[in-house]
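# Close look at the chain arrangement
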Amino acid sequence: SQQGEEDPQALSIQEGENATMNCSYKTSINNLQWYRQNSGRGLVHLILIRSNEREKHSGRLRVTLDTSKKSSSLLITASRAADTASYFCATPSDKSGNTPLVFGKGTRLSVIA
Amino acid sequence: SQTIHQWPATLVQPVGSPLSLECTVEGTSNPNLYWYRQAAGRGLQLLFYSVGIGQISSEVPQNLSASRPQDRQFILSSKKLLLSDSGFYLCAWERTLNTEAFFGQGTRLTVV
């Protein structure tokens, strides 16, 4: 069953601009992860944020988590053409931590040089 | 360091033929192993996961099966492929549930 849902489905920006993607989920969780997928390739883990964290940074990536709204956002600052990819949020299907990750449908980001 | 191998990268199979996709992990022991399928332009659908040898959980009943004959080997199989089995199949592993997952490069399966 689908737990997370990304928004927007697709996003096109100019190089140098910031890109913001959102993820909403349904049930309480203990953590949320973001992944990146280049076309035709496997997914690569970007960042994991725990339910007791509100914000986390990794290089040009900034992730926020609002457990009261059951939502998360991924911000990519100063985007580059190489950031063009699909981005997925992933959560456990419940808060127990004993269930596998469930992925959303992703946001397709296009960064135009 | 840990690595995951998934093969083949692409596969074209006729309807009704069998399927065997293999995934192996190196550099770790007792990983959780996963098979996902991704339709074109869509999200990932969890097919099977395994927390140990011989332990397989099926998420979606369908024309596929999975086996884990060794600790770091996960195999996806079908006795008779259907057109609807076409897709991009991804194998993944993690140390424990809900930690960082590491994905293989995927197998593009086309059933004709």
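Attention in this report is confined to the structure presented alongside it. Note that the structure is a prediction, hence the values are computed from the model and not measured. (Residues numbered from 1 in each chain as written. Chains lettered and ligands numbered in written order. Predicted model: local features only at pLDDT ≥ 70, side-chain atom pairs only at ≥ 80, totals over all residues. Heavy atoms only, no water.)

## Comments concerning the layout of surface pockets
- As a volume, the largest pocket reaches approximately 460 Å³.
- Together, 24 residues line the largest pocket, and A:S86, A:R108, B:Q38, B:G41 and B:R42 are the ones closest to its centre.
- Put simply, the parts of the chain that give the lining of the largest pocket at least two residues each are β1 (5-7), β9 (85-92) and β11 (107-112) of chain A.
- No other element matches the four residues that β11(A) contributes to the lining of the largest pocket.
- Grouping the constituent residues of the lining of the largest pocket by class yields six nonpolar, twelve polar and six charged. (1 Å grid on protein atoms, 1.4 Å probe; cavity = no way out; pocket = protein on both sides within 12 Å on 5 of 7 lines; lining within 4 Å. Points joined across faces, edges and corners; volume = space filled by probe spheres on them. Helix = DSSP H or I, 4+ residues; strand = E, 2+ residues; numbered from the N terminus. Nonpolar A, V, L, I, M, F, W, Y, C, P; charged D, E, K, R; others polar.)

## Quick look at the interface of chain A and chain B
- Across the boundary between the two partners, chain A contributes 22 residues, which contact 21 residues of chain B.
- It is A:L43, A:P100 and A:F103 in chain A that bury the most area against chain B; as a group they hold 28% of the surface buried on that side.
- Our enumeration of links across chain A and chain B arrives at zero salt bridges.
- When residues of the side of chain A that touches chain B are traced back to their parent elements, those giving at least two are β4 (31-37), β5 (43-50), β9 and β10 (101-103) of chain A. (Contact = heavy atoms within 4.5 Å. Buried area = accessible area lost by both parts, 1.4 Å probe. Salt bridge = Lys/Arg side-chain N within 4 Å of Asp/Glu carboxyl O.)

## Here's the deal with the pattern of salt bridges
- Inspection of the entire model under this criterion finds five salt bridges over all chains.
- Put simply, A:D83 and A:R36 hold a salt bridge, and the shortest N to O gap is 4.0 Å. Of this pair, A:D83 sits in the loop between β8 (71-76) and β9 while A:R36 sits in strand β4, and the two are 47 residues apart along the sequence. Both residues of the pair, A:D83 and A:R36, belong to the buried class.
- For the salt bridge of B:D85 with B:R37, the shortest nitrogen-to-oxygen distance reads 3.8 Å. Taken together, the residues span a long stretch of sequence, with B:D85 in the loop between β8 (73-78) and β9 (87-94) and B:R37 in strand β4 (residues 32-38) at a distance of 48 residues. Accessibility assignment for this pair places B:D85 and B:R37 in one class, buried.
- Residues joined in a network through salt bridges with shared partners are A:R36, A:R60 and A:D83. (Buried < 20%, exposed > 50% of the residue type's maximum accessible area, 1.4 Å probe, protein only.)

## What about the side chain of A:T107?
All names here are of chain A.
- Mapped onto the secondary structure, T107 falls in strand β11.
- On the basis of relative accessibility, which here comes to 0%, the residue T107 falls in the buried class.
- A polar atom in the side chain of T107 sits 2.5 Å from the backbone oxygen of P8.
- With sequence-adjacent residues up to four places away left out, T107 is seen in contact with E6, D7, P8, Q9, L11, M21, A85, S86 and Y87. (Polar contact = N/O pair within 3.5 Å; in protein donor to acceptor, adjacent residues only side chain to side chain.)

## Notes on the state of the cysteines
- Inspection of every chain in the model, using the stated rule, returns two disulfides over all chains.
- The residue that forms a disulfide with A:C23 is A:C89, at a sulfur-sulfur distance of 2.0 Å. Torsion about the S-S bond of the A:C23 and A:C89 cystine: about 65°, corresponding to right-handed handedness. Taken together, the residues span a long stretch of sequence, with A:C23 in strand β3 (residues 19-24) and A:C89 in strand β9 at a distance of 66 residues.
- Across the disulfide, B:C23 is cross-linked to B:C91 (sulfur-sulfur distance 2.0 Å). Linking B:C23 and B:C91, the disulfide has an S-S dihedral of approximately -80° and is accordingly described as left-handed. Residue B:C23 is located in strand β3 (residues 19-26), and its partner B:C91 is located in strand β9; the two are separated by 68 residues in the primary sequence. (Disulfide = S-S within 2.5 Å.)

## Digging into the environment of A:P100
All names here are of chain A.
- Along the polypeptide, P100 turns up in the loop between β9 and β10.
- Under the relative-accessibility criterion, P100 is labelled buried at 4%.
- Considered as a pair, P100 and A90 are ten residues apart in the sequence and their alpha carbons are 9.6 Å apart.

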